[in-house]
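# Remarks on the overall topology
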Amino acid sequence: MRFNYGYFFMLFWVLAWIPLANAIENTNHAMTSGTFGVAWLDDNGIVRVFDGKTVTEPVPNVKIYTLAAADLLEEGSDQLIFLDGARKALNIYSFKTKKILGPFGNNIKTFTIGQWSGDELFPSVLASTFSGNTFRWTKDIMEKGWLPLSGNFVQATSGQLNLNNKFDDFIVVTDGNLYVFSPKWLTYSRRSAGDNIVALLTGNFTDSPADEIVVLNKLGFTYLYLFQNQTLEKLTDQKILCMTLGKNGGDIDSLYALDNRRKPIVYNRESKLWKDIPFHNTFACSNLITQTNPDGKGHTLFVVGNGNLYQLGADGTVKQLSDQKSSKIVLKSNNKIIADYRFENVPCKPYIEKLRTPSGHNILRDAPYDHLHHHGLMFAIAVNGCNFWEEFTPKHGKEITVSIKPSPLDIETSLLESELHWIDGESKILVKENRKISVSAGENVTLLDWQTTLNAGEQGANLDKSNHHYFGLGLRFDQTMDKNGRFFSDSDTNKVTERMRIDERLTLCRWMAYTAKLNGEPVTVAVLGYPSNPIPTMAFTMGDTGKTFAYLGITLNLHRQPVEMKPNSSLTFRYIVAVWDGEVTPETVSKIYSDLFR
């Protein structure tokens, strides 16, 4: 392959509608449909497919974060196109041969698929990388490399905007602005529209035979962009979370979305309003997609909730098509989803998989390929010589969830309580943990309160001295936050206590904050230690020099001062994680600290 850019990845993707195979993409990249049926990502990032009769896992044990469907291989039926969670490489799963082709390339940020010219029998992939480069890929150059193009985009779709051309135009978004790329002239048009666009779909939404574009902006508002007369028309004042479209056999396409309640809605063109879809279930949906009916005259609507697939009937009936036990709890406050807590089907330890800013952007990264044991926001140390932090050592342990309240079934809550048993390789319980996690949403900040109480049994427990100076509470950030970030702490105690490897530092403080750009937009994260903690707050930081990835943790300083727990004793560690959109001042963080602990 000709591109090999060794960067990490970011977690926001928007994919395209693919008219070639009647496959419709939604705007949050975790579902697609095609001739094979409906595909979606379950709670563990594993793709599942419903073929109309049964549910299968065609690519087991491969964590995926992007789905699409098209016939890239000229098989006469669609393949499943995906980016894996390790190399960010393009992969093609053939339902006909039951084989995976790939990986092709790496470091891919996002891609779309469309017909490059009217003479080609198979479609082209237009891919953008984290390095800021754009490439074209087709079946005939599968083993020869990628064709470089100009431009850099973060989202894309394709459609036939100009009926005088036999091929598709590629519509891309850069810096929140929309541009149209013409394969005929290999150039981008002038900026066609720009309003902090975060998602887009292409389809036939008016009486015009050419396609139009529906865009979703950062505030959650939808607009219809008419390419022919270069106009941008706001659809409604109602905010939505994600959207998809349904093909109606030559008639105007239907536009669906999830509203802020995470309930399905449909856009009514006569009233110019979003209308509720009859939905007789209480659970919140995380995703939706349509599949074109076999006769081509209509479509069927599907939603995902609790990791399972459901079919929605026009009368409001809901038919469950899969049966997967939910392995996470959604933490919500003031009608805002703040965090996702994953506790089952985890390698070794439960953790916060997603933590969101007030505007809803996730700041965390889970299990990057270079550090698979880094899971979002987690807590782990070594006990009695057993390593609970790492997951691939001879003496690693596991944090087993014994009980959890509330039950994850159809529940969104602001507080969870859980009992965990920390066991070694021989299933011996070394300590028991009572964990409480709560969230709250303010106007400008989201807060997560993490409380861990370790309970020693009759034999006591040793919180071991080790060579690792970062054991404790830790946050691994989204890849786009790895570069050009800045750490800062409360001014009167902002003193580096120890300098470790490369840019790793230990700082005795009351709180430590990190500000960086998440997908181009500034965010700030701070961890505040409770004054009542038995070990003073010692922040572990790395990555502000750009030489490594960014990380923020509160170490228990056990590499210098191990702790011996007496029989039947307990220790409680409690921290607040605060998240803002934008860059905030030390005074802002200090005010939250004083308000909480005065």
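Preceding this paragraph is the structure being described.
Reference entry: report on the structure contained in this document.

### Comments concerning the overall build of the chain
Along the chain, the regular secondary structure elements total one helix and 51 strands. For the chain, the C-alpha radius of gyration of 25 Å lies close to 25 Å, the compact-globule estimate for 598 residues. Within the chain, the fraction of its 598 residues that count as buried is 60%. Once local pairs closer than 6 in sequence are excluded, the contacts in the chain between residues at least 24 apart make up 53%.

### With respect to helix H1 (residues 586–597)
Structurally, the α-helix is built with 3.6 residues per turn, so residues lying three or four positions apart point the same way. In this model H1 runs 16 Å from its N-terminal to its C-terminal C-alpha over twelve residues, within 8% of the 16 Å that 1.5 Å per residue would give. Within H1, the full set of buried residues consists of Val589, Ile592, Tyr593 and Phe597. Looking straight down H1, one finds that the buried residues subtend no more than 105 degrees of arc, so they occupy a single side. Seen from the open side of H1, the exposed residues pointing more than 90 degrees away from its buried face are Glu587 and Lys591. Elements in contact with the buried residues of H1: strand S40 (445–456), strand S43 (486–489), strand S46 (511–518), strand S47 (521–529) and strand S51 (570–581).

### Quick word on the packing of aromatic side chains
Applying the stated criterion across every chain, the model contains 21 aromatic pairs. Residues phenylalanine 181 and tyrosine 188 carry aromatic rings whose centres are separated by 4.7 Å and whose planes lie at 50 degrees to one another, so their mutual orientation is tilted. On the basis of relative accessible area, phenylalanine 181 is assigned to the buried category, the value being 1%. In this structure an aromatic cluster arises from ring pairing among Trp389, Tyr470, Phe471, Phe540 and Tyr551. Geometry around phenylalanine 221 places lysine 234 over its ring, the cationic atom sitting 4.1 Å from the centre. When the ring centre of phenylalanine 549 is taken as origin, the NZ or CZ atom of arginine 476, which lies over that ring, is 3.6 Å away.

### Examining the environment of leucine 518
Locating leucine 518 in the fold gives a position in strand S46. In the structure, leucine 518 is positioned 347 residues away from isoleucine 171 in sequence and 23 Å away in space, judged by C-alpha atoms. In this structure, leucine 518 is in contact with His361, Asn362, Ile363, Asp478, Thr480, Met481 and Val523, ignoring residues within four places of it in sequence.

### Digging into the nonpolar core
With 71 residues, the main nonpolar core has Ile352, Leu355 and Leu448 as its most contacted residues. In this view, isoleucine 352 contacts Leu331, Ala339, Asp340, Tyr341, Leu364, His375, Gly376, Leu377, Ile437, Leu448 and Trp450; residues no more than four positions away in its chain are not counted.

### Observations regarding unusual backbone geometry
The omega torsion across glycine 102 and proline 103 is 5 degrees, close enough to zero to call that bond cis. Following the sequence through the fold, proline 103 ends up in strand S8 (residues 99–104). Of note, the amide linkage connecting lysine 405 to proline 406 takes the cis form, showing an omega dihedral of 0 degrees. The phi dihedral of glutamate 74 falls on the positive side, at around 55 degrees, and the residue is not glycine. Tracing the chain through its elements places glutamate 74 in the loop between strand S5 (64–70) and strand S6 (79–84).

### Points about the environment of leucine 178
When you line up the elements, leucine 178 lands in strand S15 (residues 177–182). Overall, the relative accessible area of 0% leaves leucine 178 in the buried class. Separated by 181 residues in the primary sequence, leucine 178 and serine 359 place their C-alpha atoms 21 Å from one another. With residues near it in sequence (within four places) discarded, leucine 178 still touches Ile171, Val172, Arg191, Ser192, Ala193, Ile197, Leu200, Ile213, Val215 and Tyr225.

### A word on empty space enclosed by the protein
It is the rolling of a water-molecule-sized probe over the atoms that shows where space remains empty. Applying the stated criterion to the full structure yields one cavity of 30 Å³ or more. Taken as a whole, the largest cavity spans an internal volume of roughly 30 Å³. Each residue belonging to the lining of the largest cavity can be placed in one class, and the counts come to three nonpolar, one polar and three charged.

### A closer look at the sheet that holds strand S7 (residues 90–94)
If you trace the four strands from one edge of the open sheet to the other, you get S5-S6-S7-S8, paired in antiparallel fashion. At either margin of the open sheet sits one strand with a lone partner, and together these are S5 and S8. The sheet shows a mean angle of 20 degrees between the axes of neighbouring strands, taken without regard to direction.

### Let's talk about the pairing of strand S42 (residues 472–476)
In terms of burial, S42 is largely enclosed, as five of its five residues are buried. One ladder, built from four bridges, connects strand S33 (residues 377–380) with S42; its direction is antiparallel. Within S42, the position partnered with alanine 380 by the bridge is glycine 472. Judged from the five bridges that link them, S42 and strand S49 (residues 551–555) form a sheet pairing that is antiparallel.

### Details of the sheet that holds strand S25 (residues 273–276)
Sheets are built from strands paired through backbone hydrogen bonds, the pairs being either parallel or antiparallel. One open sheet accounts for four strands, arranged S22-S23-S24-S25; its pairing is antiparallel. Among the strands making up the open sheet, the edge pair consists of strand S22 (240–248) and S25. Ignoring strand direction, the axes of neighbouring strands in this sheet form an average angle of 35 degrees. Pairing of S22 with strand S23 (residues 251–259) involves seven bridges; the strand directions are antiparallel. From the neighbouring strand, asparagine 248 faces S23, where its bridge partner is aspartate 251.

### Examining the pattern of salt bridges
It is possible for side chains bearing opposite charge to pair when their charged atoms get close. Counting across every chain of the model gives 17 salt bridges. Across the salt bridge formed by glutamate 399 and arginine 435, the nearest N and O atoms sit 3.2 Å from each other. In this pair, glutamate 399 sits in strand S36 (residues 398–405) while arginine 435 sits in strand S39 (residues 429–441), placing the two residues 36 residues apart along the sequence. Each member of the pair glutamate 399 and arginine 435 is classed as buried. Residues aspartate 595 and lysine 591 are paired through a salt bridge, measuring 2.9 Å at the closest nitrogen-oxygen approach. You can see aspartate 595 and its partner lysine 591 sitting in helix H1, four residues apart, about one turn around the helix. Looking at aspartate 595, the relative accessible area reads 35%, which means it is partly exposed. One salt-bridge network, in which partners are shared between bridges, spans Asp259, Arg261 and Asp276.

### Regarding the environment of leucine 101
Note that leucine 101 resides in strand S8. The spacing of leucine 101 and lysine 428 is 327 residues in sequence and 43 Å in space, taken between C-alpha atoms. Apart from residues lying up to four places away in sequence, leucine 101 is in contact with Leu73, Asn91 and Ile92.

Criteria and thresholds
Residues numbered from 1 in each chain as written. Predicted model: local features only at pLDDT ≥ 70, side-chain atom pairs only at ≥ 80, totals over all residues. Heavy atoms only, no water. Helix = DSSP H or I, 4+ residues; strand = E, 2+ residues; numbered from the N terminus. Rg over C-alpha atoms; globule rule 2.2 N^0.38 Å. Buried < 20%, exposed > 50% of the residue type's maximum accessible area, 1.4 Å probe, protein only. Contact = heavy atoms within 4.5 Å. Expected span 1.5 Å × (residues − 1). Arc of directions from axis to C-beta. Phe/Tyr/Trp six-rings, centres within 6.5 Å; stacked < 30°, edge-to-face > 60°. Lys NZ or Arg CZ within 6 Å of the ring centre and 35° of its normal. Core = buried A, V, L, I, M, F, W, Y, C linked by side-chain atoms within 4.5 Å. 1 Å grid on protein atoms, 1.4 Å probe; cavity = no way out; pocket = protein on both sides within 12 Å on 5 of 7 lines; lining within 4 Å. Points joined across faces, edges and corners; volume = space filled by probe spheres on them. Nonpolar A, V, L, I, M, F, W, Y, C, P; charged D, E, K, R; others polar. Pairing = 2+ DSSP bridges. Axes fitted to C-alpha atoms, helices over the stretch in contact; angles between N-to-C directions. Salt bridge = Lys/Arg side-chain N within 4 Å of Asp/Glu carboxyl O.

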